[in-house]
Each structure stands twice: as C-alpha cells, then as structure tokens.
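As a plain string of letters, each chain reads:
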Amino acid sequence: MARLIYFLIFVSGLVFIMNISKYEGEVSNDKFDFDKTAEANMKKKEEIEKLLAPKKEVKEKVKVVKAGPLVELSTPQLQSGHDLYKKCIVCHGKRGEGKAGQKAPAIGGQYEWYLNAQITNMQKGVRVNKVMMPYISRLSEQDISDLSAYISKLPYMGRK
Ligand code: HEC
C-alpha cells in the first residue's frame, strides 16, 4: 500500500513538472519598470557624454579700451578746437608733436596766445607760410581762438 502511495506521489509530481512549461498564467512585469530603467539609462548617458565632451575653452573677454580724446573736451570751445584740429593732424600730428617730413614744428602744449598770434599772422600774410594757407585761410577769429585753446592743452612734452 505504501508503495502505491509513493508511486502516485511520484507520478503526480512527474505530471506537474511536465506541465510547468505550459503554464499560461498571467505574466507580469511589475517588478521591472521599463520607464524607470530608461530614465536612469538616459541620466547615465548624459553624465558620460558630459565627461566625454571636450571642455569648452573659456574665452577671455578682451576689453577694448577706446582711447579717449587727448584733451578733456569740457567746454564747447575745446570741442570746436578738437574738431578743427583734425585738418592739422596730417602735418602737426595728433598730439601736436610735429612731423619732420613736413617740416611742421611741434605745437602741442604751446602757449595759447602764441599759437593764436602765429595763426593770425599767417592768415594776414604777416608771417608767410604757404603750405598752411589752404588750411587756415577760411578760419574765423573764433575758430583760431578755439584751435589755440585746444592745441595749448595737448599733452605734448617735447620732441622725442
Ligand atoms: C601741410 C602741412 C601743414 C598743415 C596741414 C598745417 N600746418 Fe601748421 N605749419 C606747417 C609748417 C611747415 C609750419 C612751419 C612754417 C614756417 O616755416 O614758419 C607750420 C607752422 C605752424 C605754427 C607756428 C608754430 C611756431 O612755433 O611758430 C602753428 C601755430 C601752426 N602751424 C598751426 C597749424 C594749425 C592750427 C593747423 C590746422 C588748421 C595747421 N598748422 C596745419 C605745416 C602745416
């Protein structure tokens, strides 16, 4: 009798094992969350990409310092003198330092009264300066005063 019982248990066990592969119960993926996994993978990917990305060179900001006018144009007269002086730069230089090639003397920082007198004299023909005449012939008295004021303030410190 005992043998029969053992035999039956054995057979039913065998049948159970044989049928286990045909199990068609509900298959669930609850434990495996695809969305979460995908999200985590994306994060990892981003981190790796960050590490692999070539480091961007930090471009130094180059400050462009524009040189201001040589003379602080604090009055309308200095502003006007500055504007009129543009015509003179070709021979006398930006700082009034003169130009040997033009035989143009240094005039920056010269006394205002002296500059005024020379320009006025040249204009009237008292002092003859043919090369400069085209540049000064049409200047008004006010223009000459403005120019003289500006040139006298140019920071020219002597010939190099
Ligand atoms: C084409 C060149 C040229 C230009 C432009 C020019 N000059 Fe002259 N300037 C000269 C020369 C050359 C002399 C020297 C002349 C001489 O032999 O006396 C001179 C002399 C002077 C002098 C006398 C300096 C001194 O020590 O006696 C003054 C002031 C002067 N220039 C002002 C000006 C002004 C202001 C302007 C612009 C409106 C000007 N010049 C434009 C060539 C130039």
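The model shown is predicted, which means the values in this text are computed figures rather than measured ones. (Residues numbered from 1 in each chain as written. Predicted model: local features only at pLDDT ≥ 70, side-chain atom pairs only at ≥ 80, totals over all residues. Heavy atoms only, no water.)

Engineer: Before we move on, can you summarise the overall build of the protein chain with the specific residues and values?
Structural biologist: Each helix and strand in the protein chain was counted, giving seven helices and zero strands. Going residue by residue from the N terminus, the α and β elements of the protein chain occur as α-α-α-α-α-α-α. Per-residue burial over the protein chain gives 22% buried out of 160 residues. Partitioning the contacts of the protein chain with sequence separation of at least 6, the portion at a separation of at least 24 is 58%. A total of about 14,000 Å² of accessible surface is found on the protein chain, and carbon and sulfur atoms cover 60% of it. (Helix = DSSP H or I, 4+ residues; strand = E, 2+ residues; numbered from the N terminus. Buried < 20%, exposed > 50% of the residue type's maximum accessible area, 1.4 Å probe, protein only. Contact = heavy atoms within 4.5 Å. Areas by Shrake-Rupley, 256 points an atom, 1.4 Å probe, with all protein chains shown as cover.)

Engineer: How would you explain the nonpolar core if you had to name every residue and give the values?
Structural biologist: Formed by 18 residues in total, the largest nonpolar core has its most connected members in Tyr-85, Ile-136, Leu-139, Leu-147, Tyr-150, Ile-151 and Leu-154. Mapped by element, the contributors of at least two residues to this core are helix H3 (76-85), helix H5 (112-124) and helix H7 (141-153). Sort the elements by how many residues they give to this core and H7 lands first, with five residues. In contact with Ile-136, other than residues within four places in its own chain, are Ile-119, Met-122 and Gln-123. (Core = buried A, V, L, I, M, F, W, Y, C linked by side-chain atoms within 4.5 Å.)

Engineer: I'd love a proper account of the site of the ligand, names of residues and values included.
Structural biologist: Taken together, 23 residues form the shell around the ligand, and within it Cys-88, Cys-91, His-92, Arg-127 and Met-132 come nearest. Between the ligand and His-92 there is a distance of 2.8 Å, counted from a nitrogen atom to a side-chain nitrogen or oxygen. Contacts to the ligand include Tyr-114, whose side-chain N or O atom sits 2.8 Å from an oxygen atom. Elements represented by at least two residues in the shell around the ligand include exactly helix H4 (89-92), H5, helix H6 (133-136) and H7. For the shell around the ligand, the leading source of residues is H5, giving five residues. By residue class, the composition of the shell around the ligand is 16 nonpolar, four polar and three charged. (Near = heavy atom within 4 Å. Polar contact = N/O pair within 3.5 Å; in protein donor to acceptor, adjacent residues only side chain to side chain. Nonpolar A, V, L, I, M, F, W, Y, C, P; charged D, E, K, R; others polar.)

Engineer: Help me get a handle on the coordination of the iron atom of the ligand, residues and values and all.
Structural biologist: In an ideal octahedron of six donors the angles at the metal are 90 or 180 degrees, and in an ideal tetrahedron of four donors they are 109.5 degrees. Donor atoms from the polypeptide that coordinate the iron atom of the ligand comprise His-92 (NE2) and Met-132 (SD), at 1.9 Å from the metal. Each of the six donor atoms around the iron atom of the ligand contributes to a set of angles spanning 85 to 179°, which defines the coordination as octahedral. Here His-92, found in helix H4, pairs with Met-132, found in the loop between H5 and H6; they are 40 residues apart in sequence, far enough to count as distant. Take Met-132: its relative accessible area is 18%, and that puts it in the buried class. (Donors = N, O, S within 2.8 Å, 3.2 Å for Na, K, Ca; no water. Tetrahedral: all angles 85-135°; square planar, octahedral: opposite > 155°, others 65-115°.)

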